[in-house]
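Coordinate inspection notes
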Amino acid sequence: MTGRRWLIAVLTLIAISAGCTQQETPTPLPSATPIPAIAINPVDGSARASGEIVPARVAALGFPAGGRLRTLEVEVGDRVATDALLAQLDAVAAEATVAQARAALLRTEALLAELQAGARPQEIAAAQARLETVQAHLTQLNEGARAEEIAAAEANLAAAEARLQQLFSGPREAERIQAQAALSNAEAARQQAQAAYDQVAWRSDVGTLAESRQLQEATNNYEAAQARYDALFADPDADDAAAVRAEIQQAQAALDGLQASATAGQIAEAEAQVRAAQAELDLLAAGARAESITVAQAVVAEAEAAVQRAEADLANSQLRAPFSGTISALEGNPGEMVLPGQTVLTVADLEHLQAETTDLSERDVGRVSVDKPATVFVKALNSQVPGRVLRIAPQASIIGGDVVYTVVIELDGQPADLRWGMSVDVEIHEE
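All residue numbers refer to positions counted from 1 along the written sequence of the respective chain. Only residues with pLDDT of 70 or above have their local features reported here, since the model is predicted, and side-chain atom pairs are shown and tallied only from 80 upward, although totals for entire chains, interfaces and linings are computed over all residues. Side-chain descriptors were evaluated using all non-hydrogen atoms of the structure, hydrogens and water having been removed beforehand.

1. So, the overall build of the chain
- Each helix is a run of DSSP H or I of at least 4 residues and each strand a run of E of at least 2, with the numbering of both proceeding from the N terminus. Looking only at helices and strands, the chain has nine helices and 17 strands in total.
- Think of it in three bands: with a 1.4 Å probe and only protein chains considered, a residue is buried below 20% of the maximum accessible area for its type, exposed above 50%, and partly exposed in between. Across the 431 residues of the chain, 26% fall into the buried class.
- In the chain, once contacts between residues fewer than 6 apart in sequence are set aside, the share between residues at least 24 apart is 78%.
- Here the chain has roughly 27600 Å² of accessible surface; of this, 54% comes from carbon and sulfur atoms. Note on contacts: a residue pair qualifies if any of its non-hydrogen atoms lie within 4.5 Å across the two residues. Using a 1.4 Å probe, accessible areas were evaluated by the Shrake-Rupley method; residue-level cover was limited to the displayed protein chains.

2. Describing the environment of isoleucine 124
- Relative to the helices and strands, isoleucine 124 resides in helix H3 (residues 121–143).
- Non-local contacts of isoleucine 124, meaning those with residues more than four positions away in its chain, are made with Ala119, Leu281, Leu284 and Ala285.

3. Quick look at helix H9 (residues 290–315)
- To estimate the expected span of a helix, subtract one from its residue number and multiply by 1.5 Å. Between its first and last C-alpha atoms H9 spans 37 Å; for 26 residues at 1.5 Å apiece the expected length is 38 Å, and the two agree.
- Here H9 has its buried residues at Ile293, Ala296, Val300, Ala303, Val307 and Ala310.
- Residues of H9 that are buried sit in contact with helix H2 (92–117).

4. Topic: the sheet that holds strand E7 (residues 325–330)
- When DSSP locates at least two bridges between a pair of strands, those strands are taken to pair. Pairing is antiparallel across the open sheet formed by four strands, whose spatial order is E2-E9-E7-E4. Of all the strands in the sheet, just strand E2 (58–61) and strand E4 (79–80) have a single pairing partner and so form its edges.
- With two bridges connecting them, E4 and E7 associate as antiparallel partners. Among the inter-strand pairings, valine 80 is bridged to a residue of E7, identified as glycine 325.

5. Observations concerning the environment of leucine 319
- Structurally, the position occupied by leucine 319 is in strand E6 (residues 318–320).
- Here the alpha-carbon distance between leucine 319 and leucine 72, two residues 247 residues apart in the chain, equals 9.4 Å.
- Leave out the neighbours within four places in its chain, and leucine 319 touches Leu61, Gly62, Phe63, Ala84, Leu85, Leu86, Ala87, Val344 and Leu345.

6. Description of the pattern of salt bridges
- What counts as a salt bridge is simple: a side-chain nitrogen of Lys or Arg found within 4 Å of a carboxyl oxygen of Asp or Glu. Using the criterion set out here, one finds nine salt bridges in the structure.
- Put simply, glutamate 427 and arginine 48 hold a salt bridge, and the shortest N to O gap is 3.2 Å. Here arginine 48 lies in strand E1 (residues 47–55) and glutamate 427 lies in strand E17 (residues 423–428), a separation of 379 residues in the sequence.
- Residue glutamate 427 is classed as partly exposed on the basis of its relative accessible area of 24%.
- Between lysine 379 and aspartate 425 there is a salt bridge, with its nearest N and O atoms 3.6 Å apart. Taken together, the residues span a long stretch of sequence, with lysine 379 in the loop between strand E12 (373–378) and strand E13 (383–392) and aspartate 425 in strand E17 at a distance of 46 residues.
- A residue is classified by how much of its surface remains accessible, and aspartate 425, at 30% relative accessible area, is partly exposed.

7. Notes on the pairing of strand E10 (residues 353–357)
- For E10, the tally of buried residues reaches four of five residues, placing the bulk of the element in the interior.
- Where E10 meets strand E16 (residues 407–411), three bridges bridge the pair, whose relative direction is antiparallel. Among the inter-strand pairings, glutamine 354 is bridged to a residue of E16, identified as glutamate 410.

8. Section: the confidence of the model for the chain
- A score between 0 and 100, pLDDT records how confident the predictor is in each residue. In this model, the chain carries an average pLDDT of 82, and 84% of its residues clear a pLDDT of 70 or more.
- Of the regions scoring below 50 in pLDDT, residues 1–44 engages in nine contacts with residues more than four places distant in sequence or in other chains.

9. A closer look at the side chain of threonine 326
- When you line up the elements, threonine 326 lands in strand E7.
- We classify threonine 326 as buried; its relative accessible area is 9%.
- Discounting residues that sit within four places of it in the chain, threonine 326 has contacts with Gly77, Asp78, Arg79, Thr346, Val347, Ala348 and Leu350.

10. Some remarks on the nonpolar core
- Among buried residues, those of type Ala, Val, Leu, Ile, Met, Phe, Trp, Tyr and Cys that are joined through side-chain atoms within 4.5 Å constitute a nonpolar core. In terms of nonpolar packing, the biggest core is built from 21 residues, with Val376, Ile409 and Ile428 touching the most fellow members.
- For this core, the secondary structure elements donating two or more residues are E1, E10, E12, E13, E16 and E17.
- Once you skip the residues sitting within four places of it in the chain, isoleucine 409 turns out to touch Gln354, Ala355, Ala374, Val376, Gly387, Arg388, Val389, Leu390, Val426 and Ile428.
- Counting residues in hydrophobic clusters, the runner-up holds 18 residues, among them Leu61, Leu72, Ala87 and Val338.

11. So, the environment of threonine 133
- Residue position: threonine 133 is located in helix H3.
- In this structure threonine 133 comes out as exposed when scored by relative accessible area, which is 53%.
- Expressed as a C-alpha distance, the spacing of threonine 133 and glutamine 273, which sit 140 residues apart in the sequence, is 9.7 Å.

12. A few points about the side chain of aspartate 349
- Turning to its location among the elements, aspartate 349 is positioned in the loop between strand E9 (345–348) and E10.
- Within polar-contact distance, the side chain of aspartate 349 engages the side chain of histidine 352 at 3.0 Å.
- Discounting chain neighbours no more than four positions away, the residues touching aspartate 349 are Pro55, Ala56, Arg57, Phe323, Ser324 and Gly325. Under this definition, polar contacts are N or O atom pairs within 3.5 Å; protein pairs additionally need one hydrogen-donor-capable and one acceptor-capable atom, and for neighbouring residues in sequence, both atoms have to be side-chain atoms.

13. Some words on the packing of H2 against H9
- It is at 8 Å that the axes of H2 and H9 come closest, and there the two elements cross at 160 degrees. Looking at the two axes, H2 sits roughly antiparallel to H9. In this structure, H2 meets H9 at a crossing whose hand is left-handed.
- Gly is placed with the polar residues, together with every amino acid not listed as nonpolar (Ala, Val, Leu, Ile, Met, Phe, Trp, Tyr, Cys and Pro) or charged (Asp, Glu, Lys and Arg). Grouping the amino acids of the contact of H2 with H9 by side-chain chemistry returns 16 nonpolar, five polar and five charged. Helix axes are fitted only over the stretch in contact, all axes being lines through C-alpha atoms; the angle between N-to-C directions runs from 0 to 180 degrees. Any angle from 65 to 115 degrees is called roughly perpendicular, while one under 35 is roughly parallel, one over 145 is roughly antiparallel, and all others are oblique. Helix crossings get a hand from a simple test, with the near helix turned counterclockwise from the far one by less than a right angle marking a left-handed crossing and a clockwise turn marking a right-handed one.

Here's what the structure looks like:
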């Protein structure tokens, strides 16, 4: 290579190297766009916000206590009146508790009435008769017995012995036949009810059917008839037999006393019997003590409270409409278990709709007050509805970092096609 060619090659390499190491021209940065200032409505201007149409009243209903849902009485879209039955839980146990509580109340009321009424005239008359009897006996002891008195005492003894014999003689044939017929009729009725029940026993709701109640009633009637039949052939009550035997002993003693001369001890005993009979008569005439009546009244009050609790538990097994409205949602099915407080259905008052704002800014809420006029523009209907501010939420909500207040607008009229959930624009005017 000649010197000139070598020089040209060196210069060429230097030029290439310089081109490779040259820095790129930097891309200019975009200039910052200034953020426009947020427009603030003047103090005396209108307040604007978006919102939606909502019912004046909405209630999500559930049972205070859990259980199995027996029935749903309504469908979505049904119109219901105030206190209309909407749904029921199985309430067999609650119904039985109510019946037991009411029976207990009747018993306690009867006991209280008995105390307040005092002794019956018949009881006082019987006590008076016993007093006269023992007084006469005492007189006899003091004066000696006459023949007719001895005959009367013998008749009393014979009558007491006859009553004892009757206790152990068993039932008469007519009574036995009548009891046997009643038992046979009750057995036939029970078998008929059992057959009717067996035909529906496969059903899951058999406990609520008439066949179940009829079988229970027929069984109860049969058991009662059997008990009456057995009672005819049962041994006499020990207390009854003892009372009759005691009566025989007393009658025998009275007869013996009449037939024998009275001793000082017999006279003293007769005097004690007179005093006891007089005390019994005085006690019946005085009636129940105030303390006993107070205790009985307290027992009645407790029984009434038990009835109220049982009836409240039974009422809690039913859902009733708190106001007239429309069923908007069902969230349960018959046969399902529901928890306490679980929403089963929702009822809404769709006859009275109102507008509710969703984004009224905290900067505008100061210009809003109750009863201020407002205009509600319903987007779906492309129509305006006048109204007035009904209420303002006392507490703010945070939506997307913005502080907003909910304002409810009462509409002056309700267009026919207005629906729950329609979006609206609300303008609240300065009066």
